[in-house]
Amino acid sequence: MKKLAPLLLLFSLALAALCLYRIDSDKGLESGPWVNHFELQNLSRAAESPDASIVAISDSKQRIVKLSSDGVLQAEVTRSKAERDQRRDFTEIATDGAGNLYALDTVLDDYGLYVVQEQIVRYDAAGHNRTVLFEWEGNGSGKRIGQLKGLRVAHNDLTFFVAEEDKVTLMRVSLSGGQAEKPFMFSLPSNRYLSEIVGTSPGRIFYSTKKGAIYQVFENGETKLVYPLDLMERTRKNFPERLSLDQEGRLTFVDRSLNAVTVLEPGRDNGLRVAAANEDLERSAFGAEGYELMDVVSTAEGGFIAVLNDRVLQFDANAKLAGTWSDAKYSKDERTSTWIRWTLLLAAAGLVLYGVRAVYIHTLNRRMSLFFKQILISTPIIVVCMFLLANFIYDSFSARMEQEMQRELSLLARNGQNLIDGDALLRIQSPEDFRNDDYNAIRAKMNFLFEGEYKADRQGLYSTLYKYEDGKLYIIMDDDDGVNMFKPFETNEENEAVRAEGFVKSGQWEDANGKWLYAIGPVYDKSGNVVGIYETGRDMSVLAQSNHKIYESIVQNIVIITSVLLFVILLVTFILLSSLRKLQRSVIAMADGNWDTNVKLRSRDEVGDLGEQFNRMAKYIRQYIADITQFSEASFRFVPQQIFKSLGKKGILDIRLGDQVQQNMTVMVADLRDFHRFAQTLTPKENFNFMNSFLRRFGPIVREEDGLISKYLGAGFMALFPGYAEQALKSAVKIRRELILYNEGRRRAGYEQVDIGIAIHKGPLMLGIIGEERRWEGNVISDDVRLTAVLEKLSAELGSSVLVTRAFFEQLREPERFRHRSLGRITPEGHGEAVELIDVYEGDPDTVRQAKDRTKALFERGLLLCQEGRFFDARETFVEVIKHNRLDKAAKLYFYLCDEYYQKGVHAGWNGTLAI
């Protein structure tokens with residue numbers, strides 16, 4: 001038990017940590033196993049699933065839930081840790097017949113305002129296995145809502161729209177995979193600004209504009225106004241939002257002014273009706289937090305789904321309430337697994353207590369030094385105190401930061417009331433005034449408060465302008481592209497105080513779009529009357545992320561300070577209590593062979609004198625060892641230390657003649673091309689100086705990637721890489737890039753430029769010590785080594801800076817990181833078998849790399865045609881390659897080969913290889 005006590009403690013701690021992690025990642029520590037449901041809150045979107053379940057986006061666009069007809073949670077999608085590091089929103093949702101979930105995932109900037117990227121992602125029926133189906137980069141101007149709209153699953157396709165400034169493109173992606181298609185595109189007429197769009201094919205495509213109108217799009221790209229109807233006033237404020245199209249071609253949308261579910265049958269007289277008024281919603285959802293419609297979705301049975309802030313309502317074809325979801329119940333299996341995890345956590349906690357007791361009894365409850373007791377007593381106290389200090393500092397800083405933000409927002413709100421023209425605000429009467437002269441003038445003044453529209457200037461600050469009209473409050477402008485003009489806004493004590501008394505108010509709130517800090521101030525007309533409210537604020541989730549980073553920084557600094565403090569306290573204790581024991585340990589260490597031992601004693605007594613004499617003795621011993629060490633280190637310059645490690649030896653003194661080992665290693669041969677001609681232009685001394693300078697420049701690159709230089713080849717070398725294959729290829733690419741800088745320096749100095757050929761292969765080899773008793777040498781024996789040397793010579797003829805074999809390339813973990821192209825199967829001269837080679841041009845100069853990038857597909861197509869015996873087509877293909885890249889030696893070789901075979905025919909036994 002004495003030996004097992006520490007292991008038991010470690011096992012119990014690991015088990016407890018695992019249970020805590022699983023519980024925290026599941027329902028959280030704040031929710032016990034007896035909790036069998038959670039309430040839906042801050043809902044924004046919903047979709048109907050073919051299996052009669054409901055899918056909804058909740059928690060301010062951060063969670064997706066799928067509920068059965070009786071409210072049992074069937075699937076849940078939450079943000080992973082990597083995704084929580086970014087500000088992201090789920091903005092649209094759809095499902096297919098297999099129960100898979102499709103979501104539009106919008107990535108915002110660091111301040112949570114501008115759209116950086118949009119992704120259409122798919123999750124399986126259980127909410128797992130996230131797959132990105134389509135990505136779209138933001139245009140830099142979209143705020144919170146991007147350019148992808150109208151996500152829908154139809155038959156076996158996923159359709160959506162890409163909305164640009166003057167055109168809209170219908171996109172289609174097959175659910176079975178493949179690239180996105182563009183089956184239809186149409187242009188937006190002037191003075192129409194797209195808000196929402198639905199549909200899957202021309203004639204059944206409808207879009208709404210920022211001016212409150214709905215248009216139908218036909219096959220020729222023309223559009224027709226379908227809402228408002230002729231009998232309606234064009235300037236009315238009944239703004240249509242959340243368009244939904246059913247199978248019969250009926251449009252269901254939210255009449256934002258009335259907060260009513262409205263159904264429109266385009267092309268029919270009197271084809272507009274209210275399916276559920278605000279009063280119907282209040283009766284159907286009695287006790288709800290609010291009755292503002294967040295979304296409305298048509299159902300296959302002719303009914304619709306209405307989404308409120310805290311619940312989902314389903315109505316049948318007769319607009320009768322058919323179902324309500326206000327919370328999500330955990331399934332029986334989920335509750336059972338939760339109980340199991342909590343039971344394991346309690347059991348692990350009991351094991352921890354038992355393990356602590358066992359360690360104390362069998363390990364600590366015996367004779368112990370005062371220094372160790374000091375560690376046991378002071379360390380936990382100091383760590384706990386510093387942890388409490390870190391949290392106190394963070395809480396104080398966070399509160400101060402929030403207060404400063406509130407003051408900044410209040411100042412901006414007060415400035416806004418002076419800049420915004422209240423009379424121009426009064427002249428804006430309906431959505432028809434979107435982007436008219438008054439609208440643009442007010443928007444320009446609002447943007448002036450942030451010194452421009454650039455996100456670096458705004459730092460996530462948003463602004464909203466409200467207008468008082470007929471005793472009601474309407475949103476006129478908002479830094480959220482999903483919010484339209486004249487959206488009714490509920491009056492409350494704060495905005496009533498702003499209107500009545502002209503106060504500037506600040507606070508925070510949370511809704512379906514997120515959690516916000518805000519400040520509001522009055523807007524006056526020329527008569528001094530309050531005609532509107534100006535609001536500015538900032539996304540609190542972004543502030544929370546920033547505060548979390550600050551907290552991590554505080555904790556890191558506290559950890560450092562705590563470590564230093566503990567070190568100082570323990571060091572002082574150690575010095576005061578352990579002078580004699582320190583000397584004793586030093587003597588024992590010296591006896592055990594630790595020759596670097598040196599004792600430092602400050603005591604002015606016999607112990608101090610003894611310590612001084614001990615240090616003198618240790619000094620003489622270390623000097624003797626240093627002489628031997630210098631000799632050993634000098635030997636490493638002739639025999640790389642990695643060879644000792646590969647042979648399982650500690651150093652050169654352990655080496656014996658004939659020591660050998662067989663390993664599967666990567667071999668790289670790098671040599672200076674045309675060196676013999678170059679060397680004839682230099683004197684012997686200049687040759688040696690050049691080779692040393694050359695190898696000094698490029699040799700360390702091999703060691704950076706854990707390679708060892710086995711042999712020097714004049715102005716080149718052979719290197720071995722025992723580790724990953726990537727290390728050899730990364731080293732080769734670095735050498736090629738360094739060669740560019742090296743030649744640039746030689747050019748400036750007036751010297752001739754040089755070139756390096758590199759070949760890489762991987763295979764079994766024998767590494768060992770050869771020679772005779774008076775002269776030893778580390779050497780490598782392998783046919784693969786000889787093949788690599790042959791390939792290096794061949795690289796110049798093929799025009800390849802880095803030539804590798806297919807056998808080596810297939811062992812790369814991420815081959816796509818390196819630009820490359822296949823050179824086919826080639827039989828080097830003197831080598832009986834053909835070898836499939838690959839040209840890696842990642843490290844080539846930009847011009848060469850770009851030329852090979854442009855011709856890669858064409859070159860490899862010609863290669864395939866040649867191997868298939870279609871020599872005429874292959875020859876013509878290589879001619880095209882040479883036209884684009886006249887320096888492509890490999891293309892020229894294959895051209896000549898194909899031309900000869902086309903003219904004369906192939907010889908007997910030809911197997912589609914190129915012989916060089």
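The structure presented is a predicted model; accordingly, all values stated were derived computationally and were not measured.

Undergrad: Explain the overall build of the protein here, please?
TA: The helix and strand tally for the protein stands at 21 helices and 41 strands. Across the 916 residues that make up the protein, the buried fraction comes to 48%. Of the contacts made within the protein by residues no fewer than 6 positions apart, 55% connect residues no fewer than 24 positions apart. By element, 52% of the accessible surface of the protein is carried by carbon and sulfur atoms, the whole surface being about 47,100 Å².

Undergrad: Would you take a moment to explain the side chain of Thr855 for this structure?
TA: For Thr855, the location among the structural elements is in helix α19 (residues 846–867). In this structure Thr855 comes out as buried when scored by relative accessible area, which is 1%. Those residues in contact with Thr855, other than ones at most four positions away along the chain, are Arg821, Val881, His884, Asn885 and Asp888.

Undergrad: How should I be thinking about the pattern of salt bridges in this particular structure?
TA: Side-chain pairing between opposite charges can occur once the charged atoms of the two side chains come close. Scanning the entire structure with this criterion turns up 53 salt bridges. A salt bridge links Asp438 to Arg427, with the nearest nitrogen and oxygen atoms 3.0 Å apart. Of this pair, Asp438 sits in helix α7 (residues 437–448) while Arg427 sits in helix α6 (residues 422–427), and the two are 11 residues apart along the sequence. Connected via shared salt-bridge partners are Arg821, Asp839, Asp844, Lys852 and Asp888.

Undergrad: Sorry, what's going on with the pairing of strand β13 (residues 181–187) here?
TA: On a regular strand, each side chain points to the face opposite its neighbour's, so the side chains alternate between the two faces of the sheet. Direction of pairing for strand β12 (residues 167–174) relative to β13: antiparallel, over a ladder of 5 bridges. For Val168, the partnering residue across the bridge sits in β13 and is Phe186.

Undergrad: I keep staring at the side chain of Lys211 and nothing clicks. Help me out?
TA: Counting through the fold element by element, Lys211 comes out in the loop between β15 (205–209) and β16 (214–217). Only 3.1 Å separates the side chain of Lys211 from the side chain of Asn191, close enough to count as a polar contact.

Undergrad: How do you make sense of a nonpolar patch on the surface when you look at a structure like this?
TA: Taken together, Ile560, Val564, Phe567, Val568, Leu571 and Val572 make up a surface patch of nonpolar side chains, about 530 Å² in accessible area. Along the polypeptide, Leu571 turns up in helix α10 (residues 540–577). Residue Leu571 is classed as partly exposed on the basis of its relative accessible area, which comes to 37%.

Undergrad: I tried to follow the sheet that holds strand β29 (residues 487–489) on my own but got confused; where do I start?
TA: Sheet strands pair via backbone hydrogen bonds, and the direction of the pair is either parallel or antiparallel. Across the sheet, which stays open at both edges, the 6 strands sit in the order β29-β28-β27-β32-β31-β30 with antiparallel pairing between neighbours. Where the open sheet ends on each side, the last strands, each with one partner, are β29 and β30 (505–511). Ignoring which end each strand starts from, the neighbouring axes of this sheet average 35° apart. Set on the sheet, α7 makes contact with β27 (462–469), β28 (472–478) and β32 (530–539); between it and β28 the angle comes to about 70°.

Undergrad: So what exactly am I meant to see when it comes to the nonpolar core here?
TA: By size, the foremost hydrophobic cluster in this structure holds 38 residues, and its most contacted members are Met668, Phe690, Phe694 and Ile760. In terms of residue count, the dominant contributor to this core is helix α16 (residues 725–749) (8 residues). Membership of the second largest hydrophobic core comes to 27 residues, among which are Ala759, Cys866, Ala890 and Leu914.

Undergrad: What is the right way to read helix α20 (residues 871–884) from this model?
TA: For the α-helix, the turn length of 3.6 residues means that residues three or four positions removed from each other point alike. Given a rise of 1.5 Å per residue, 14 residues ought to cover 20 Å, and the 20 Å separating the end C-alpha atoms of α20 matches this to within 8%. Inspection of α20 places Phe871, Ala874, Arg875, Thr877, Phe878, Val881 and Ile882 among the buried residues, and these make up the whole buried set. Each buried residue of α20 lies within a common arc of 165° when the element is viewed along its axis, so the set occupies one face. Taken together, the buried residues of α20 touch α19 and α21 (889–904).

Undergrad: I would appreciate a short explanation of the sheet that holds strand β25 (residues 321–325) in the present structure.
TA: Spatially, β22-β23-β24-β25 is the arrangement adopted by the 4 strands of the open sheet, whose pairing is antiparallel. Looking along the sheet, the strands with just one partner apiece sit at the ends: β22 (295–298) and β25. Neighbour-to-neighbour, the strand axes of the sheet open up by a mean angle of 15°, direction not taken into account. Pairing of strand β24 (residues 312–315) with β25 involves 4 bridges; the strand directions are antiparallel. Bridge assignment links Gln314 to a residue of β25, and that residue is Gly323.

Undergrad: How do you make sense of the packing of α20 against α21 when you look at a structure like this?
TA: A pair of packed helices can be characterised by two numbers: the angle between their axes and the separation between those axes. Where α20 meets α21, the closest approach of the two axes is 8 Å, and the angle between their N-to-C directions is 155°. Comparing their axes, α21 and α20 come out roughly antiparallel. For α20 against α21, the interelement crossing comes out left-handed. Contact residues: Phe871, Phe872, Ala874, Arg875, Phe878, Val879, Val881 and Ile882 in α20; Ala891, Lys892, Tyr894, Phe895, Cys898, Asp899, Tyr901, Tyr902 and Gln903 in α21. Residue composition of the contact of α20 with α21, grouped by class: 13 nonpolar, 1 polar and 3 charged.

Undergrad: Where do I start with the packing of aromatic side chains in this structure?
TA: With the rule as written, the count across this model stands at 23 aromatic pairs. Here the aromatic rings of Phe694 and Tyr742 are separated by 5.9 Å at their centres, their planes lie at 75°, and the arrangement is edge-to-face. Here Phe694 is found in helix α15 (residues 684–704), whereas its partner Tyr742 is found in helix α16, with 48 residues between them in sequence. Residue Phe694 is classed as buried on the basis of its relative accessible area, which comes to 2%. Residue Tyr742 is classed as buried on the basis of its relative accessible area of 8%.

Undergrad: Honestly, α16 in this entry has me stumped. Any pointers?
TA: For α16, built from 25 residues, the straight-helix expectation of 36 Å at 1.5 Å per residue is met to within 8% by its first-to-last C-alpha distance of 37 Å. Backbone geometry just after α16 places Gly750 at a positive phi near 85°.

Undergrad: Hey, could you run me through the packing of α15 against α16 in this one?
TA: For the pair α15 and α16, interaxial distance at closest approach is 9 Å and the crossing angle is 150°. Classified by the angle between their axes, α15 and α16 sit roughly antiparallel to one another. With respect to the hand of their crossing, α15 and α16 are arranged in right-handed fashion. Together, Phe690, Ser693, Phe694, Arg697, Phe698, Ile701, Val702 and Glu704 of α15 and Ser731, Lys734, Ile735, Glu738, Leu739, Leu741, Tyr742 and Arg746 of α16 make up the contact between the two elements. Taken together, the residues that form the contact of α15 with α16 break down as 9 nonpolar, 2 polar and 5 charged.

Undergrad: Is there a simple way to think about the pairing of strand β7 (residues 101–108) in this case?
TA: Counting buried positions along β7 gives 8 out of 8 residues, so the element sits mostly inside the fold. The alternating pattern of β7 places Leu101, Ala103, Asp105 and Val107 and Tyr102, Leu104, Thr106 and Leu108 on opposite faces, both of which are buried. As paired elements, strand β6 (residues 88–95) and β7 share 7 bridges and run antiparallel to each other. When the sheet's bridge partners are listed, Arg88 is paired in β7 with Val107. Between β7 and strand β8 (residues 115–123), which follow one another and run antiparallel, lie 6 residues, and Gly112 among them has a positive phi close to 75°.

Undergrad: Help me understand the state of the cysteines in this model?
TA: A covalent bond between the sulfur atoms of two cysteines is referred to as a disulfide. As enumerated under the stated definition, the model contains 0 disulfides in all. With no disulfide partner, Cys866 has as its closest neighbouring cysteine sulfur the one in Cys898, 3.5 Å distant. The class for Cys866 is buried, based on a relative accessible area of 1%. We classify Cys898 as buried; its relative accessible area is 0%.

Cut-offs applied
- Residues numbered from 1 in each chain as written.
- Predicted model: local features only at pLDDT ≥ 70, side-chain atom pairs only at ≥ 80, totals over all residues.
- Heavy atoms only, no water.
- Helix = DSSP H or I, 4+ residues; strand = E, 2+ residues; numbered from the N terminus.
- Buried < 20%, exposed > 50% of the residue type's maximum accessible area, 1.4 Å probe, protein only.
- Contact = heavy atoms within 4.5 Å.
- Areas by Shrake-Rupley, 256 points an atom, 1.4 Å probe, with all protein chains shown as cover.
- Salt bridge = Lys/Arg side-chain N within 4 Å of Asp/Glu carboxyl O.
- Pairing = 2+ DSSP bridges.
- Polar contact = N/O pair within 3.5 Å; in protein donor to acceptor, adjacent residues only side chain to side chain.
- Patch = residues over 30% accessible without salt bridge, like charges linked within 9 Å, V, L, I, M, F, W, Y side chains within 5 Å.
- Axes fitted to C-alpha atoms, helices over the stretch in contact; angles between N-to-C directions.
- Core = buried A, V, L, I, M, F, W, Y, C linked by side-chain atoms within 4.5 Å.
- Expected span 1.5 Å × (residues − 1).
- Arc of directions from axis to C-beta.
- Parallel < 35°, antiparallel > 145°, perpendicular 65-115°, else oblique.
- Left-handed = near helix turned anticlockwise from the far one by under 90°.
- Nonpolar A, V, L, I, M, F, W, Y, C, P; charged D, E, K, R; others polar.
- Phe/Tyr/Trp six-rings, centres within 6.5 Å; stacked < 30°, edge-to-face > 60°.
- Disulfide = S-S within 2.5 Å.

Keep in mind these numbers describe shape, not what the thing actually does.
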